[in-house]
Amino acid sequence: DFDSVLWVGYRPGVRDNPGSTAAEAVEDLLRIRLKPHEAIYTSKRYCLKGGNLSLDDADRIARELLANDIIQEYKVFSKKDWDLETGIGIIIPKVRLDHKPTVTVIPIHSDEALMRVSKERGLALNPNDVSTIRAYFLRDNVLAERRAFGLSAPTDLELEYISQARSDHCNHNTFKGLFRYRDLAAGKSEVVDNLFATCIEAPTLAIQKQKPWVISVLWDNAGIGRFNDDYHYVITGETHNSPSNMEAYGGAITGIVGVYRDPMGTGKGSKLIMGMYGYCVGPRDYQGELKPHLHPKRLLDGVIEGVRDGGNKSGIPTPYGQVWFHEGYLGKCLVFVTAIGLMPSQIKGEPAEEKTTSPGDLIIMCGGRVGKDGIHGVTAASESFSADTPAGHVQIGDPYTQKKMHDFLLEARDQGLIAFITDNGGGGLSSSIGESACFSNGCVVELEKVPLKYEGLDQWEIWVSESQERMTVAIKPEHGERFMALSEKHAVESTVIGHYTDSGKLHITYDGQTCAYVHIDLLTSQFPRWTFEAEWTPPEMRGLFEPVLSEPEDRSGLLLDILSRPNISSKEWIIRQYDHEVQGTSVIKPLVGKDYDVISDAVVIRPVLESLEGLAAAQALLPTYSQIDTYHMAACTIDEAVRRIVAVGGDPDRIGGVDNFCWPTIQYDPIDNPDGKYKAAQLVRANWALRDVCTAYGMPLLSGKDSMYVDGHLKGRYGETHKVSALPTLQFSCTSVISDITRCVTMDCKFAGDLVYVLGETRNELGASEYYEHFGYVGLRVPELRPESSMKLYRALSRAIQEELVASCHGIYRGGLGVHLALVAMGGSLGMEIDLSRVPTAGAEQDDFILYSETPGRFIVTIDPANRASLEALFGDLPYACVGSVSSGTDFVINGLAGKPVIHLPISELKAAWKRPFGSLI
Amino acid sequence: MVDYFHMTRSETQNRSVHALVLTGYGLNCDFETAYAFELAGAVSTRVHINALISGETSLKEYDILVFDGGFSWGDDHGAGVLEAVRIRSNISEALFEFIEAGKLILGICNGFQALVNLGLLPGFDGDYETRQVALTFNDCGNFRDDWVPLLGNPDSPCVFTKGVTRTELPIRHGQGKFYASPEVIKRLIDNGQVVFQYATPKGEPAQGQFPFNPNGSVHDIAGICDS
C-alpha cells in the first residue's frame, strides 16, 4: 500500500558494508567461498504514502534527503510504474574497468609542460616545487641510475609519490613556511621563520626536558604521555572537512575511523580507548540565499551519524565533543575527530613507543583491499571547495573491518611480532611505505601483490589509493608465519608486498618492471620554502568599536534567550547517540547532574580497570574571537580546554595539549584572495599565542594538525558565486592524568546551604561574546588571558579538589557568569542566591558586564560551609570571593549591584530555555 | 552501596568457575565483561569465536559461556543475526552439549540479540532452536546511550540475577526493542522468564514511557531467561 517508490543504491566502487557482511554470512551458511568476481550488493527501497505527494515531491525527497548523488543513485516510480513482480530488477553496481594497468612517462622538458600535466592529472604540484623536481630527474647520476632499470623521465607513479608527500596536508608547508609579518599600526616588520619550529616544536621540546612524563612527541602518528608505571596513553586529532562537506556521513565516518588508525600506528601500536568530536557548521535553521552543497541541517545530521557509527561500531567510547554554528562554515564545514589510545609501556622488554624498520623486514599490508576510492584525497584537501573538486575521494569507512584488524594487531603486538607499524591514511601506501622506508633507508615494493577490490587499476592508483582500513606493518622474516596465522584467525587479510632495504632508494616494481626508482631523501631536501606576506591590521584600525548599549531591563528574559542560543544550548541529542560507556571505563560522564542532562566540563575515564588512576579529556573552540584578534582567540581557546581539565580534578602540571588549526587560504591573491595577507597574519598571531600559553602553562603539545583552505564558493540567488571563508578556528584538546578518580568532581551543585564561590577576576571583556552576538554586535574588547596568574589559581584549585574541599566545580566559558551559574544550578536541580556586588571584578562595574563578560581564567565552585576557612587559606591573595549560596528551593536569584534582584527564575524555566532549540531531537 | 571503585579480584587459586567471553568479528565488550566475571569470582578468558571453531579452544573446559556486547558483523543485517549464523553453522553441536551439561550461558546486549536469533531464548519446553522473539529498531528511531532503572523479577529462575530486585544499568543500542506475539509474551510472564523490566526511577514498571523504557520493548521487557 503505497503511492510511490524510491530506490536508492550505491554507485559502483562505493564501499557497501552490508553487502560484504552478507557475503560472509552466505559463505558460512552455504559453506562456499565467493569467487573474486562474485559479490553481494545492497540497496534500499522506500515506499511513500501521502495523497498529496507528487512524483516531483518524491524526487525531491530522494534527492535532498535520502540519496547523495556523489555516492548514490536513485530512481523514482509511481505506483502504476512499479512492477510488483520484478521490483527494481537486478542492478549490479560492479566496477568494470576494461583497462590494462599502464605506467605513463611524463615529459619534463620545461616547467610549463610539467605544470600542465600537474593540472591535467590533478596532481596539485606547487609551482615552486616544479623546477626542483625537474632538476632532480635531469641530474646525470640520477639519469644513469634510472637507465639501469629502464627509466628515463619520471613516471606518473613517481610524480604522484612526490605530489602526495609534498602536499600541504602531508608536509605542512604552510606551517613550515616563511612569513613576512608587518604590523600596520606599529609600522614594524619581522620575518617569522617556520611557525612549526618556533611555536610548536621548540616550546614542546623545552617542556619535555622538564617533564619526564612526555614520552614521545613530534615524530610519530600520535603523541605519547605516561599514564602510570605500566601504561602510556596516546593522543592525536585530525580533521576531515572536505569529504564531510560533500558527503557528510561518509566523510565523518571515514574521519573518525581514520583517526583511530593513528594511535593503532603509534609506537608498536595502541588500543583505542576514547574518541572526541568537534563540528563547525552553518546554522541548523539556515534560510539564506547561498546554496551550500548540503544544507547545514542535513550536513550536521550526516556528520553526527557518521561519527556515531564509526565510534560505536569500533567499540570505542565517544564521550566528549562540541558543536559550533556560524555562517562562515557554510563554505566548508569542519569535522574534528580526536583519538586516544593506551599501550603498555613495554612490549617484551622493549619500550612500546619505539619502532623502526630494518633491511630485510617484510612490508605487510593488513586490512582492506585497494580500489580507486580516495585517490587524490590529500591533494584535494589542500585546495578549497569548488565545482571541479573530484568526488572520487569521498569514501565510506568500515569500522567492522577495522575493529577486526585492531584486535588482531594488538595480539600480534603483545606477542612481540611488530617491528614497525603505521596507518594508510592520506596518501595510502605512498605515505606509509615512503615514510617507513626512511628508517631502514630504502624499500622494494612489488605492486602486483597488493590485493585489489577489482582489476584494472593503474600502478600509480594502487600506490596512492586511500582505500580505508589498512595498516602497513614491518615484520621480521622469522615472524612472518606466526603473523599470518594470527591474521587468519582474526579473519583479517594480510599480504606481504615487499621488503625494506638500505639501498637509499624507493624502488617499486610491477610484474618485475620498475615503475619508480627515487632517492629516499629527495623529499627531505632541496625544496623551496613556501613564503607568505602577512599584514596585521589591529582591530581599532579595522573600525571595530564597543557598541553603545544600555543595561537591559528584562534581565530574566534576556538570560533565558541567551540560554536558548544554539551555541549555548543543550546538545544532549548528539551526546546520547554516542556510546560513552563501552569498555566500562567512564568515571565523569558527558552528561552529569541530578537528572543526568547537564554537560560536564570534561570527561574522565579509567582506562586500566584495575587502577584508580584516571585520564581526563576535554576540548575547546572559540572561533568567534577571531573576528577581533586571533591571538586572543587562540589563548582563550587553549585556556578553556585547560580549565575544563582542572575543573574535574585533572592535574594542571600534567596536562598535554593537541592543536588542530583550520584556516582559510592565506596565500595572497589580488583577485581570488584579496585579504590573504591579513589571514596569514591571523595565523601567525594564533601561533604566537600557542607558543606563549603553552610555555606559561608548561604544557607540551603531544600532537597537532593543520587543515588550511577552509573556503567555499557558494551559488547565490542570481547564479553568481560567493567565496565564503570560515572563521580562523583552533580546536584545542587537553588530557591529564588523575591520580585518584575518587576525588574527581562534577559541575552540578550538590547541597542546599553550600557556599558559591567565583574564582578569578571578571573584566569588561564582552568583545565577540555571546551577549554582543545576541544583539548583532562584535565589539572590540576581546577576552584576554593572563596565563601566569591564571596558572597560580589553577594550582590552588587543584589542591582544593585533591583535599576534597570542593563539592562542585565548573569553569566559566562561553556566555559568561550568568549562563554558567544557571548551569551549575540546573545540574543540581537546586536554587541559588547570588550577589553580583561580591563578584571579584576589575572594570566591569555593570550587572550585564559581570553576567556576560567572557574573561578567561574563572571558575564557579560550591563548597560545604565547613570547608570555608581551609579553602580560603589555599587561595590567599588570588582573586576569589564567596558570592552567594545554594538554596533549598528551586529559585535562581541574582541580586544586582544595586542590591535588588535582577534575575529571578525557577530552575525549570532555565532548563526549558536551555533545551529549547534541540531538546525535542533524539 | 557497593564501592565499585575499590572492588578487587579475589585470589586466583580459590576460584573454580571458568568463564569464556567471546571476542572477534566486531564484539567489543569483551574486556570489561571478562573483568566483571573476575570481580564476581570466576576465572575468565577472552576467546576468539574462530578459536572455538578451529578447536584451538574447547567449550568443554568452561562452565559459563558469555555472548558479550558489541557490533558483531557491524549489525548490518539485524543485530546478532550473523553472529547466530556463524555459531549455528559451525559449533552448534558443542553448544548443545554445553547446554545439556547444565552449564550457563549469558547474553548481554549484542550477545542477547545473538541468543534470541540462535533460538536459545526463550527456549520453551527445551526447544533451543526456534526463533520466537525479536529485537528490532528502537521506537525512538536512533541509537541511544542512557542509564536506565531496572526491576528484577524475584520469581525468575535466572541464576545471574538471583537477589537482584532493583538495579541501574547503562543501555547503548539502536536495536533493543523486544518484540514477540502476545501469546509468547504471556508465556514468558507466566513462566517467570521475564528477568528484567525497564522501570521508572520510583521503581515501577515504565509502562512503555520514554525514556525509562528506552526502546519501546513490549511489556517493558529488558531481559529474559529460558525456562
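Parameters and conventions
In every chain, residue numbers begin from 1 and rise along the written sequence. Each chain is given a letter, starting from A, and each ligand a number, starting from 1, according to the order in which they appear as written. This being a predicted model, a pLDDT of at least 70 is required before a residue's local features are given, and a value of 80 or more before pairs of side-chain atoms are given or counted; all residues contribute to the totals for chains, interfaces and linings. Only DSSP runs of H or I with at least four residues qualify as helices, and only runs of E with at least two residues qualify as strands; both kinds are numbered from the N terminus onward. C-alpha atoms define the radius of gyration in this analysis, and the globule rule sets the expected value at 2.2 Å times the number of residues to the power 0.38. Here the C-beta atoms are placed from the backbone, and a residue counts as buried if at least 20 other C-beta atoms lie within 10 Å of its own, exposed if 12 or fewer do, and partly exposed otherwise. Any residue pair is listed as a contact if its two C-beta atoms, each placed from the backbone, are within 7 Å. Confidence of the predictor in every single residue is expressed as pLDDT, which spans 0 to 100. Note on pairing: two strands pair once DSSP finds at least 2 bridges between them. By convention in this section, buried Ala, Val, Leu, Ile, Met, Phe, Trp, Tyr and Cys residues joined through C-beta atoms within 7 Å make up a nonpolar core. Note on definitions: angles span 0 to 180 degrees between N-to-C directions of axes, and those axes are lines fitted to C-alpha atoms, for helices only across the stretch in contact. For classification, angles of less than 35 degrees are called roughly parallel, those exceeding 145 degrees roughly antiparallel, those between 65 and 115 degrees roughly perpendicular, and all remaining angles oblique. For any helix crossing, the convention is left-handed if the near helix is rotated counterclockwise from the far helix by under a right angle, and right-handed if that rotation is clockwise. Each residue gets one label: Ala, Val, Leu, Ile, Met, Phe, Trp, Tyr, Cys and Pro are nonpolar, Asp, Glu, Lys and Arg are charged, and the others, such as Gly, are polar. This arc corresponds to the set of directions leading from the helix axis out to the C-beta atoms.

Novice: How should the overall build of chain B be read in this particular structure?
Specialist: Helix and strand counts for chain B come out as 5 helices and 10 strands. Over its C-alpha atoms chain B spans a radius of gyration of 17 Å, differing by no more than 12% from the 17 Å that the globule rule assigns to 227 residues. Considered along the principal axes of its C-alpha atoms, chain B spans approximately 45 × 40 × 30 Å. Looking at chain B residue by residue over its 227 residues, the buried ones come to 46%. Of all intrachain contacts in chain B linking residues separated by at least 6 positions in sequence, the fraction that spans at least 24 positions is 73%.

Novice: Sorry, what's going on with the overall build of chain A here?
Specialist: If you tally the helices and strands in chain A, you get 26 helices and 40 strands. Taken over the C-alpha atoms alone, chain A extends approximately 85 × 70 × 60 Å along its principal axes. Split into buried and exposed, the 922 residues of chain A put 57% on the buried side. In chain A, 81% of the contacts between residues at least 6 apart in sequence involve partners at least 24 apart.

Novice: Before we go on, may I ask you to explain the confidence of the model for chain A in this structure?
Specialist: Predicted coordinates in regions of low pLDDT should not be interpreted in detail. With 98% of its residues at a pLDDT of 70 or more, chain A has an overall mean of 94. Confidence over residues 386-391 of chain A falls short of pLDDT 50; this stretch has 7 contacts with residues more than four positions distant or in other chains.

Novice: Would you mind going over the pairing of strand S20 (residues 513-519) of chain A with me for this structure?
Specialist: On any regular strand, side chains alternate: one points to one face of the sheet, the next to the other face. For strand S19 (residues 505-510) of chain A and S20 of chain A, the ladder comprises 6 bridges, and the chain directions are antiparallel. When the sheet's bridge partners are listed, Thr509 of chain A is paired in S20 of chain A with Thr514 of chain A.

Novice: Looking at this structure, I do not really get the nonpolar core. What am I missing?
Specialist: In a soluble, globular protein the nonpolar side chains are often hidden away together inside. Of all hydrophobic cores here, the largest spans 254 residues; its most connected members are Leu334, Ala602, Val604, Ala617, Ile645, Ala822 and Ala825 of chain A. Here this core gets 12 residues from one element, more than from any other, and that element is helix H19 (residues 630-648) of chain A. Ignoring sequence-local partners within four residues, the contact set of Leu334 of chain A consists of Thr239, Asn241, Tyr279, Cys280, Tyr329, Cys662, Val710, Ala726 and Thr729 of chain A. Judged by nonpolar contacts, the second largest core, of 62 residues, contains Ala36, Phe98, Leu151 and Ala199 of chain B.

Novice: Help me understand the sheet that holds strand S6 (residues 144-152) of chain B, please; the structure alone is not making it clear to me.
Specialist: Within a sheet, adjacent strands bond to each other through the backbone by hydrogen bonds, running parallel or antiparallel. Residues and elements named next belong to chain B. What the 4 strands build is an open sheet, ordered S7-S6-S9-S10; its pairing is antiparallel. Edge positions in the sheet fall to strand S7 (166-173) and strand S10 (221-224), since each has one partner strand and no second. Strand after strand, the sheet turns through a mean of 35° between neighbouring axes, direction not considered. Pairing of strand S9 (residues 194-198) with S10 involves 3 bridges; the strand directions are antiparallel. Within S10, the position partnered with Gln197 by the bridge is Ile221.

Novice: In this structure, what is going on with the interface of chain A and chain B? I would like to understand it.
Specialist: Where interface size is quoted, it is often the accessible area lost as the parts come together. With 34 residues of chain A at the contact, the number on the chain B side is 33 residues. The dominant element in the side of chain A that touches chain B, judged by the number of residues it contributes, is helix H1 (residues 17-30) of chain A, at 8 residues.

Novice: Would you take a moment to explain the sheet that holds strand S11 (residues 334-344) of chain A for this structure?
Specialist: Residue and element names in this part refer to chain A. The strand order S6-S7-S8-S11-S9-S10 describes an open sheet built from 6 strands, whose pairing is mixed. Among the strands making up the open sheet, the edge pair consists of strand S6 (214-216) and strand S10 (320-325). Mean inter-strand twist for the sheet, computed between neighbouring axes without regard to direction, equals 20°. The strands touched by helix H10 (residues 248-264) within the sheet are strand S8 (231-239), strand S9 (271-281) and S11, with S11 carrying the most contacts at an inclination of about 30°. Relative to the sheet, helix H11 (residues 296-312) contacts S9 and S11, its axis offset from that of S9 by approximately 180°.

Novice: Could you clarify how one ought to interpret the packing of helix H23 (residues 816-828) of chain A against helix H26 (residues 907-915) of chain A in this entry?
Specialist: Between two packed helices, both the angle of their axes relative to each other and the distance between the axes serve to describe the pair. Residues and elements named next belong to chain A. Packing of H23 against H26 leaves a shortest axis separation of 10 Å and a crossing angle of 110°. With respect to H26, the axis of H23 lies roughly perpendicular. Between H23 and H26 the crossing geometry is left-handed. Of the residues in H26, those touching H23 at Ala822, Ala825 and Met826 are Ile907, Leu910, Lys911 and Trp914. In terms of residue class, the contact of H23 with H26 is made up of 6 nonpolar, no polar and 1 charged.

Novice: For this particular structure, what's the right way to read the environment of Ala84 of chain B?
Specialist: All names here are of chain B. Mapped onto the elements, Ala84 comes out in helix H3 (residues 81-100). Distance from Ala84 to Leu151, taken between C-alpha atoms, is 28 Å for residues 67 residues apart in sequence. Residues in contact with Ala84, not counting those within four places in the same chain, are Ala114, Asn117 and Leu118.

Novice: Any chance you could explain unusual backbone geometry here in plain terms?
Specialist: Negative phi values dominate among residues other than glycine, just as trans dominates among peptide bonds. In the segment running from Leu121 of chain B into Pro122 of chain B, the intervening peptide bond is cis, with an omega of 5°. Looking at where Pro122 of chain B falls in the secondary structure, it is placed in the loop between helix H4 (110-118) and strand S5 (134-136). The phi dihedral of Asn441 of chain A falls on the positive side, at around 75°, and the residue is not glycine. On the secondary structure map, Asn441 of chain A appears in the loop between helix H14 (428-440) and strand S16 (443-446). For Asn441 of chain A, a count of 17 C-beta atoms within 10 Å translates into the label partly exposed. Positive phi outside glycine occurs at Ala491 of chain A, with the angle close to 55°. Counting through the fold element by element, Ala491 of chain A comes out in the loop between helix H16 (480-489) and strand S18 (494-500). Its 17 C-beta neighbours within 10 Å are what place Ala491 of chain A among the partly exposed residues.

Novice: Quick question: what am I supposed to make of the environment of Ile418 of chain A here?
Specialist: Residues and elements named next belong to chain A. Topologically, Ile418 is positioned in the loop between helix H13 (399-414) and strand S15 (420-423). Judged by local crowding, Ile418 falls into the buried class, with 25 C-beta atoms found within 10 Å. The spatial distance from the C-alpha of Ile418 to the C-alpha of Thr356 is 9.6 Å, given a sequence separation of 62 residues. When neighbours within four sequence positions are excluded, Ile418 is seen to be in contact with Lys268, Gly269, Ala412, Arg413, Val473 and Ile475.

Novice: Even after reading the chapter, I still don't get H26 of chain A, so can you show me in this structure?
Specialist: Along an α-helix, residues three or four apart share an orientation, since each turn contains 3.6 residues. Residues and elements named next belong to chain A. Looking only at H26, the buried set comprises Ile907, Leu910, Lys911, Ala913 and Trp914. Looking straight down H26, one finds its buried side chains confined to an arc of 160°; they lie on one side. Contact partners of the buried residues in H26: helix H17 (555-563), H23, strand S35 (831-835), strand S39 (891-895) and strand S40 (901-906).

Novice: Looking at this structure, how should I read the environment of Pro127 of chain A?
Specialist: Tracing the sequence through the fold places Pro127 of chain A in helix H4 (residues 127-138). Taking the C-alpha atoms as reference points, Pro127 of chain A and Arg182 of chain A, separated by 55 residues in sequence, lie 25 Å from one another.

Novice: Can you help me understand the packing of H10 of chain A against H11 of chain A in this one?
Specialist: Residues and elements named next belong to chain A. With their axes 7 Å apart at the nearest point, H10 and H11 run at an angle of 35° to one another. The interaxial crossing formed by H10 with H11 has right-handed handedness. For the pair H10 and H11, the contacting residues are Ala248, Tyr249, Gly250, Gly251, Ala252, Ile253, Ile256 and Val257 in the first and Arg298, Leu299, Gly302, Val303, Glu305, Gly306, Val307, Asp309, Gly310 and Gly311 in the second.

Novice: Please clarify how the confidence of the model for chain B should be interpreted in this entry.
Specialist: On average, residues of chain B carry a pLDDT of 93, and 94% of them reach 70 or more. Both confidence scores are given for the complex: pTM 0.96, ipTM 0.95.

Novice: It is not clear to me how the pairing of strand S7 (residues 223-226) of chain A should be interpreted in this structure. Could you clarify?
Specialist: All names here are of chain A. The pairing of S6 with S7 spans 2 bridges and is antiparallel. Along S7, the bridge assignment pairs Val214 with Gly225. Counted along the chain from S6 to the antiparallel partner S7, the turn is 6 residues long, and its residue Leu218 has a positive phi close to 75°. Both S7 and S8 contribute to a ladder of 4 bridges, which runs antiparallel. Opposite Arg226, over in S8, you have His232 as the bridge partner. Connecting S7 to the next strand, S8, in antiparallel fashion are 4 residues.

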